[in-house]
Amino acid sequence: MSPWIFLFAFLVGGGICAVGQLILDFTKLTPGHIMVILVVSGAILDGLGLYDPLIRFAGAGATVPITSFGNALVHGALLEAKTHGLIGIITGIFEVTSAGISAAIVFGFLAAALSRPRG
């Protein structure tokens, strides 16, 4: 493994985060809107076949930001659609992302149970 991968990961991951921050600073969009923009951007890049080369180039710099969730959704859907047809689109989305979704639900519940939520 080349030591350059650390620099590339830093630059790509930082670039993705910087784009999100610039959108937040210079528009009236909410963080939820920006999250959707980043997820959809990752999905579109994967659909065009551009996200996998980005992962090979930047490693964790491309897999850690929220854009990789969109990549995972489309990647799983396309992979399963090739083997199982139309139903594979739905099952592929859940097969690839189920661990992350489950962890978000469990840890969100634990955080709410262990803290004093307001509202």
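Being a predicted model, the structure only gives us computed values, none of them experimental.

Overall, the prediction assigns the protein a mean pLDDT of 90, with 99% of residues at 70 or greater. Here helix H6 (residues 86–114) is the element of the protein with the lowest mean pLDDT, 87, and helix H1 (residues 4–26) is the one with the highest, 95.

Before going further, it helps to examine the packing of aromatic side chains. Tallying each qualifying case throughout the model produces 2 aromatic pairs. Seen from their ring centres, tryptophan 4 and phenylalanine 8 are 6.3 Å apart, and the 25° between their planes marks the pair as stacked. Residue tryptophan 4 and its partner phenylalanine 8 are located together in helix H1, separated by 4 residues, close to a single helical turn. Given the relative accessible area of 52%, tryptophan 4 is considered exposed. Considering the side-chain rings of phenylalanine 8 and phenylalanine 57, the 4.4 Å spacing of their centres and the 20° angle between planes classify their relative orientation as stacked. Of this pair, phenylalanine 8 sits in helix H1 while phenylalanine 57 sits in helix H3 (residues 51–58); the two residues are 49 residues apart in sequence, bridging distant segments of the chain. With a relative accessible area of 42%, phenylalanine 57 lands in the partly exposed category.

Reading the values: the criteria
- Residues numbered from 1 in each chain as written.
- Predicted model: local features only at pLDDT ≥ 70, side-chain atom pairs only at ≥ 80, totals over all residues.
- Heavy atoms only, no water.
- pLDDT = per-residue confidence, 0-100.
- Helix = DSSP H or I, 4+ residues; strand = E, 2+ residues; numbered from the N terminus.
- Phe/Tyr/Trp six-rings, centres within 6.5 Å; stacked < 30°, edge-to-face > 60°.
- Buried < 20%, exposed > 50% of the residue type's maximum accessible area, 1.4 Å probe, protein only.

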